[in-house]
Amino acid sequence: MREYLFRRLSLLLFMLLTLTAFTFSLNYLFPGDVLTNLSGQVNSSYAQSQALADKYLLEENIIVQYGAFLGRIVEGDWGYSLSSGQPVFEHILLLFPATIELCVYALVVAIVFGIPSGVIAAVFHKRWPDKVINSLTLMGFSIPIFWLALLLIMVFCLGLGLFPMSGRIGLLYEIEPYSHFILVDIISQGFPYGGLAFIDALKHLALPTIVLAMYPTTVLIRFTRDSMLNVLEQNYIKTARAKGLNRRQLILHHALRNALLPVIKQIGLQFSTLLTLAMITEVIFSWPGVGRWLIESIYQRDYPAIQGGLLAVSVFVIFANMFAEFSHTVLNPISRNQAHGKI
């Protein structure tokens, strides 16, 4: 296990160094002045430019500059946004919780609906529940996320008026952003406004969560179904059935636990996928997250913000994937044996 952890950490370090090297190279690949791309400072005087050049070691070779860049990343000095003039790192700290909140709720919805549906489809293999679930899964997998978002807005917002179209909470409610997770902040403040703020936040969260959860839900349904069918064909299941165990005991006590092991890894991988899908969802629903901010920065050619946003999102995706693989290794005995070198 120690050798496995060493290999994983070495791979993680290599991926992070590759990512930071690519991010650093963007300063030279983007149009404009390198010093402006690094610092985000525009219209600087000659003295200010010289001070910035000394700070960013522009007179040194590229290796020294990259080392200084890594040091600034660790310190939280990610430059300044060209559009707002505020530190990029502060933007990320302010906006990333909204994206994480949306992704977490979408993943919870995907797990709650995806795994039971996949199990039902496998249990009733080639019967009408399996056919219905497979048909709905194929439809959900084929619908583009932006088209689904616009369709839900047209029906439930413009047509029926049941849900708001944009934002995280109505303008009538003032919630102090302690954690920047809107539901957590409302709960921690004792459900102000008689609980109306919490209900309003749930309404704002409903449609973006449904849209974002569509893709991982369909993936988990198909993955759980295939895993469950594979487990049900194993010899120990046939032996348990021959001993007289009923269908409920076979599913809950024998098949389900083993079928969920590969699904756990898939759940972690889907969380990283949600981060990329959240960018489209945030733009359509005007959700104030890092994905919307990053796309707006691309339109505005805000190069320091683009670098910081890409770095933050990519680092989170890397850690999410590594955590998913590590969790699968810890929970799966076969993977643990392989990690120990026992095949």
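The name given to the chain in an unreviewed UniProt entry is Peptide ABC transporter permease, with the source organism recorded as Pseudoalteromonas phenolica. For the chain, the Sequence similarities (unreviewed entry) comment in UniProt is given as "Belongs to the binding-protein-dependent transport system permease family. OppBC subfamily."

### Concerning the UniProt feature "domain: ABC transmembrane type-1" (unreviewed entry) in the chain
Mapped onto the present numbering, the UniProt feature "domain: ABC transmembrane type-1" (unreviewed entry) falls at residues 96-324. Within residues 96-324, the helical portion is 79% and the strand portion 0%, while the C-alpha atoms at the span's ends are 20 Å from each other.

### Observations concerning the nonpolar core
Core analysis: the biggest nonpolar cluster contains 74 residues, and Leu-212 and Met-228 have the highest contact counts within it. Here this core spans two domains, and each of domain 1 (1-75) and domain 2 (88-339) adds at least three residues to it. The next biggest cluster of nonpolar side chains, apart from the first, holds five residues, and it includes Leu-35, Leu-38, Leu-52 and Tyr-56.

### Some remarks on the packing of aromatic side chains
Scanning the model with the defined rule gives ten aromatic pairs in all. Centroid distance Tyr-173 to Tyr-193: 5.1 Å. Interplanar angle 80 degrees. Geometry classified as edge-to-face. Of this pair, Tyr-173 sits in the loop between α7 (145-159) and α8 (182-188) while Tyr-193 is found in the loop between α8 and α9 (196-232), placing the two residues 20 residues apart along the sequence. The class for Tyr-193 is partly exposed, based on a relative accessible area of 39%. These aromatic residues form a ring-pair network of at least three members: Phe-24, Tyr-28, Tyr-66 and Phe-69. One Lys or Arg, Arg-222, reaches over the ring of Phe-141 and ends 5.3 Å from the middle of that ring.

### Thoughts on the domain arrangement of the chain
Here the chain is partitioned into domain 1 (1-75) and domain 2 (88-339). Put simply, the middle of domain 1 and the middle of domain 2, counted by C-alpha atoms, are 33 Å apart. With both sides pooled, the region where domain 1 packs onto domain 2 buries about 1,700 Å², and carbon together with sulfur makes up 77% of that total. At the junction of domain 1 with domain 2, the criterion picks out zero salt bridges.

### Some remarks on a positive patch on the surface
A cluster of basic residues, Arg-127, Lys-238, Arg-241 and Arg-247, forms a positive patch on the protein surface. Checked against the element boundaries, Arg-247 lands in helix α11 (residues 247-284).

What counts, and at which threshold
Along every chain, residues carry numbers that run from 1 in the direction the sequence is written. Side-chain atom pairs in this predicted model are given and counted only at pLDDT of 80 or more, local residue features only at pLDDT of at least 70, and totals for whole chains, interfaces and linings cover all residues. To get the side-chain values, all heavy atoms of the structure are used, and hydrogens and water are removed first. UniProt positions are given in the numbering used here, feature names are shortened, and annotations may be inferred rather than shown by experiment. Counting from the N terminus, the helices are the DSSP runs of H or I reaching at least four residues and the strands are the DSSP runs of E reaching at least two. We define a nonpolar core as any set of buried Ala, Val, Leu, Ile, Met, Phe, Trp, Tyr and Cys residues linked to one another through side-chain atoms lying within 4.5 Å. Only protein chains enter the calculation, and the probe is 1.4 Å; a residue is then buried if its accessible area is under 20% of its type maximum, exposed if over 50%, and partly exposed in between. Segment limits for the domains were obtained from an automatic or database-derived domain assignment. Two rings from Phe, Tyr or Trp (for Trp, the six-membered ring) form a pair when their centres are within 6.5 Å of each other. A pair whose planes differ by under 30 degrees is stacked, one over 60 is edge-to-face, and the rest are tilted. Put simply, a charge is over a ring when the Lys NZ or the Arg CZ is close to the ring centre, within 6 Å, and near the line of the ring normal, within 35 degrees. As used here, buried area is the combined drop in accessible area, with a 1.4 Å probe, of two parts when they are placed together. Whenever a carboxyl oxygen of Asp or Glu lies within 4 Å of a side-chain nitrogen of Lys or Arg, that contact is scored as a salt bridge. Exposure above 30% relative accessible area and the absence of a salt bridge qualify a residue for a patch, where like charges join within 9 Å and nonpolar side chains (Val, Leu, Ile, Met, Phe, Trp, Tyr) within 5 Å. Each accessible area value is a Shrake-Rupley result obtained with a 1.4 Å probe; residue values ignore everything except the protein chains displayed when judging cover. Charged residues are defined narrowly, with Lys and Arg counted positive, Asp and Glu counted negative, and His plus the chain ends left uncounted. A charge is said to be at NZ when it belongs to Lys, at CZ for Arg, at CG for Asp and at CD for Glu.

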